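Observations on chain architecture
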Amino acid sequence: MSDLAQQQRQFLAYMRNPSGPLPEGANPRAMNIYADLVYRNIAGFLNQAFPVCTQVCEEHAWEALIRTFIAQNPSQTPYFLGIAEEFVQFLLSHPASLAELPAYITELAHYEWVELALDITDIPQPPGATQAANPWHTHWQLSPLAWCLAYQYPVHLIGPNNPNPAPNPSAFVVYRNRAQEVKFIALTPACALWLQTITPQTTPHQALNQTLNSPLTPEIEAQTRALLTNWIELGILVPVEVCGYI
């Protein structure tokens, strides 16, 4: 390795982790200014991407987490959304770095990232569905702008006024509507499983029969028909031809 390449590696290593050794012959004041700029730039991205995480974590613990992320994560992207996604992956793969943070922090960060990803994605909005003669037996597909999620904590309720929720398994569908707004609907575990089972090959009626632990009664059918209609009207479910299956 050339002397120049070695110096560059030492420079970058210090930018990531200013608690390490200074590059030989470097000006300490200048190096600390550069390292601080790197931290502030990435921390600014992450604070914008994860505002609720920022609010519910102790300031010193959140700052320490970001510094650990910068020091240990070999970032592969300069893009805002890409950095946020790498941060979520870092949380998932480095549980030891989360000791001083709330137990739900990884789930909350993932939920906030999903909202951000849906908000800025360039995936076009699927056209609205025409009125199906029998939506119960029509083939549908989960919209590419709708994600079905499940967590061990009620992430949608966490905030500065509720920073210590008890574990409570929760499921949601998070989606972007035709007004380009990101919304969510809380689901029961059974409804979440049903929604995920509706595929281009499986009609809502077939999916419900697959996921029920008991016979499909008239009462259950009436309730689920209303849910199905709502999902279609909101664009959560779209005709399969929209996604290229037919």
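On to the environment of Thr188, then. Tracing the chain through its elements places Thr188 in the loop between β4 (182-187) and α7 (189-197). Residue Thr188 is classed as partly exposed on the basis of its relative accessible area of 42%. Separated by 36 residues in sequence, Thr188 and Thr224 place their C-alpha atoms 12 Å apart. A polar side-chain atom of Thr188 sits 3.1 Å from the main-chain amide nitrogen of Cys191.

Counting through the fold element by element, Thr203 comes out in the loop between α7 and α8 (204-211). Classification of Thr203 by relative accessible area gives buried; the value is 5%. Not counting residues within four places of it along the chain, the set of residues in contact with Thr203 comprises Trp136, His137, Thr138 and His139.

Applying the stated criterion across every chain, the model contains 14 aromatic pairs. On the basis of an interplanar angle of 80 degrees and a centroid distance of 6.4 Å, the ring pair of Tyr111 and Phe184 is categorised as edge-to-face. Separated by 73 residues along the polypeptide, Tyr111 in helix α6 (residues 105-120) and Phe184 in strand β4 bring together distant segments of the chain. A residue is classified by how much of its surface remains accessible, and Tyr111, at 4% relative accessible area, is buried. What makes Phe184 partly exposed here is its relative accessible area of 36%. Look at Trp113 and Trp147: their rings are 5.6 Å apart centre to centre, the planes differ by 55 degrees, and that puts the pair in the tilted class. Of this pair, Trp113 sits in helix α6 while Trp147 sits in strand β2 (residues 146-151), and the two are 34 residues apart along the sequence. Given a relative accessible area of 11%, Trp113 falls into the buried group.

Reading the values: the criteria
- Residues numbered from 1 in each chain as written.
- Predicted model: local features only at pLDDT ≥ 70, side-chain atom pairs only at ≥ 80, totals over all residues.
- Heavy atoms only, no water.
- Helix = DSSP H or I, 4+ residues; strand = E, 2+ residues; numbered from the N terminus.
- Buried < 20%, exposed > 50% of the residue type's maximum accessible area, 1.4 Å probe, protein only.
- Polar contact = N/O pair within 3.5 Å; in protein donor to acceptor, adjacent residues only side chain to side chain.
- Contact = heavy atoms within 4.5 Å.
- Phe/Tyr/Trp six-rings, centres within 6.5 Å; stacked < 30°, edge-to-face > 60°.

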